[in-house]
Amino acid sequence: MSGNYVLEMENIDKSFNRVPVLKQASLCLEEGEIHALLGENGAGKSTLMNILGGIFPADKGTIKVNGKQVEMTDPRTSQQLGISFIHQELNVVADLKVYENMFLGRERRNRLGLLKVEEMCRKTSEVIAGLGVEIDPKAYVRQLDASYKQLIEIAKALLQDSKIIIMDEPTTALTEHEVHRLFTLMKNLKAANVSIIYISHKLKEIQEICDRYTVLRDGKIVGSGRVADQNVTAITKMMVGKSVSEERFVHNHAAGREMLHVTGLTSAGRFRDINFTLHAGEILGFTGLAGDGRTELFESIFGFNKTSSGSIEVEGRSVPINHPKQALQAGIGFVPKDRKENAIIKDLSVYHNMSISALSHFERMGFLQPNQEKSRFHHFKEALNIKVHDPKVTIDKLSGGNQQKVVLAKWLEVDTPILVFDNPTQGIDIGAKREIYQLIVQLAEQGKAIIILSSEVPEILKVCHTIHVMYQGEITAKLKRDQANEDEIMKYATGSKREVEHIG
Ligand SMILES: Nc1ncnc2c1ncn2[C@@H]1O[C@H](COP(=O)(O)OP(=O)(O)OP(=O)(O)O)[C@@H](O)[C@H]1O
Ligand SMILES: [Mg+2]
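Everything quoted here is computed from the prediction, not taken from an experiment. Starting from 1, residues in each chain are numbered consecutively following that chain's sequence as written. Chains and ligands are labelled sequentially in the order written, the chains with letters from A and the ligands with numbers from 1. Local features in a predicted model are, by the rule used here, given only for residues with pLDDT of at least 70; side-chain atom pairs are given and counted only at 80 or more, and totals for whole chains, interfaces and linings are based on all residues. Only hydrogens and water are set aside when side-chain values are computed; all heavy atoms of the structure are taken into account.

### Comments concerning the coordination of the magnesium ion (ligand 2)
Next, step 1: Here a donor is any nitrogen, oxygen or sulfur atom (N, O, S) within 2.8 Å of the metal, with 3.2 Å used for Na, K and Ca; water is not among the atoms considered, so some sites may look incomplete. Binding of the magnesium ion (ligand 2) to the protein goes through Ser46 (OG) and Gln88 (OE1), at separations of 2.1 to 2.2 Å. Taken together, the residues Ser46 in helix H1 (residues 45-52) and Gln88 in the loop between strand S6 (83-86) and helix H3 (98-102) connect sequence positions 42 residues apart. The secondary structure listing takes helices from DSSP runs of H or I that are at least 4 residues long and strands from runs of E that are at least 2 residues long, numbered from the N terminus.

Structural data, given as structure tokens:
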């Protein structure tokens, strides 16, 4: 191999419980390149990067950094070799302040051993400002939105002056604006000869920012080359093993009776005068930029937070919702974003994570019915193509995208007439995304009333009948999907345009 590579991973094998996950996987990284690592959910991308990051060892194979063979025995060794790692599952500590997270284990002290708090805060603000956002370095991470947590994770890696940066799905919780700033930053790093390994399921990002790509399928390398020489269709085909079409979904079934009617809903500082109606069989979309208030709005409708005024009617009846239990009783299900904090229970099996919210379906006279639980799980495993060798293992053993599919299965099993999905396809590969859209459309055809919150405008355009755009806590437009396009939506999302007369 040529001497220009800063990193050569060769013939890496890795098995978990005798199930091979990587089979002779190889990856070479040039100096100052952005290299896309692609593949379906469960293909082995994070596993290969965990080996590089010293999280766990490979069973076989070699790793060379700057031409010299190395043993990645632990994360510290990897860091000392100039490699930093932005993890797919966020690793920030909720009960620490932002700056404490940034300098965790590398605190700066003066000669007397006292912490240089102000200096650390200043540096934190500086790096985060480089990403185009303002976060108070002394705020507790717990209080921040998921997108900010992701930015802190990125900023932490940038603090280290690394030569190689691994970014495992860094943009899942980010909006376009923040993604754009991240890309500018990546270009600057590249100009300073830093090499980046970039994992993402958003192929548009890959085309925009990456120089070369490597594709993994079922743990094997099935292709690599220059991004400029390939189109998206060909790359997708390599990943999935077949073509995936990109068309919108046609579902013109008539909307049924009124299911959810929200009037004048307001929560001081979060959202203002929200009005909309959702019918059976309808799919409504809500989109906008960070800080648009859409997640807060639906967290309130689901009873996580209190609203200060306004009303919620379900099927014509006014319902007080002060707790998620009341929302569930009223027939509203909510699939939250940020699965690590809100949606999965790490120490429970895959089976139980699916059934936990709908335990009554699997119970008879107080006893759990494991066979029924199993058969329902296998139904969803098929429908959503969940990749798991043994559903009795704890859910944290699944790849990120497959965990997300279990979260979806859990809420589909609850089977409420109204379903709200917040970023439903976060971290899900392009083939499986299609399956999930199809499933959502099917549910609507069966008469469910559905709301999708998403920062991915193409996703909203693909499945929703009507698109609500939010800006700073208000709905600025309601667009029928035939009238909507990305540019138009962006104008309303940035507040540069308002469709006042239609609101209400
Ligand atoms: N600690 C573990 N124990 C057992 N199996 C594991 C463990 N970590 C990963 N796996 C399995 O290895 C396979 C590859 O997982 P990996 O996380 O590398 O996928 P990925 O390509 O990153 O997918 P995604 O796009 O969903 O993040 C999966 O089948 C997963 O269940
Ligand atoms: Mg992964």
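### Re the domain arrangement of the protein
Next, step 1: Each domain's extent is set by a domain assignment, obtained either automatically or from a database. Each assigned domain of the protein is listed with its residue range as follows: domain 1 (5-240), domain 2 (245-331 + 416-504) and domain 3 (340-414).
Next, step 2: Here the C-alpha centroids of domain 1 and domain 2 sit 32 Å apart.
Next, step 3: Between domain 1 and domain 2, the residue contacts involve 15 residues of the former and 13 residues of the latter.
Next, step 4: Contact between domain 1 and domain 2 buries roughly 1,200 Å² in total, counting both sides, with carbon and sulfur atoms accounting for 56%.
Next, step 5: Criterion for a salt bridge: a side-chain nitrogen of Lys or Arg within 4 Å of a carboxyl oxygen of Asp or Glu. In this structure, Lys204 engages Glu486 in a salt bridge whose closest nitrogen and oxygen atoms are separated by 3.8 Å.
Next, step 6: Those elements that provide at least two residues to the side of domain 1 that touches domain 2 are helix H6 (176-191), helix H7 (203-209) and helix H8 (232-240). Two residues form a contact once any of their heavy atoms are found within 4.5 Å. The term buried area denotes the loss of accessible surface (1.4 Å probe radius) that occurs when two parts are joined, taken as the sum for both partners.

### Notes on the sheet that holds strand S15 (residues 317-318)
Whenever strands of a sheet pair, they do so through backbone hydrogen bonds, lying parallel or antiparallel.
Next, step 1: On the basis of which strands lie adjacent, the open sheet formed by 4 strands has the order S12-S11-S14-S15 and antiparallel pairing. With partners counted over all chains shown, the strands left at the sheet margins are strand S12 (271-279) and S15, one partner each.
Next, step 2: Each pair of strands is called paired provided DSSP finds at least two bridges between the two strands. Of the strand pairs in this sheet, strand S14 (residues 309-314) and S15 are connected by 2 bridges, and their pairing is antiparallel. Considered in S15, the bridge of Val314 is made with Arg317.
Next, step 3: Fitted lines through C-alpha atoms give the axes, limited to the stretch in contact for helices. The angle between two N-to-C directions lies from 0 to 180 degrees. Lying on the sheet, helix H9 (residues 294-301) is in contact with strand S11 (258-267), S12 and S14; it crosses S12 at an angle near 65 degrees.

### Quick look at the pairing of strand S21 (residues 466-471)
Next, step 1: Only protein chains enter the accessibility calculation, which uses a 1.4 Å probe; a residue whose area is less than 20% of its type maximum is buried, one above 50% is exposed, and one in between is partly exposed. S21 sits mainly inside the fold: 5 of its 6 residues count as buried.
Next, step 2: As paired strands, strand S13 (residues 283-288) and S21 are joined by 5 bridges and run parallel to one another. When the bridges of S21 are listed, Gly288 appears paired with Met470.
Next, step 3: In textbook terms, the turn of a hairpin is the stretch between consecutive antiparallel strands, and for S21 and strand S22 (residues 474-480) this stretch comprises 2 residues, one of which, Gln472, has a positive phi near 45 degrees.

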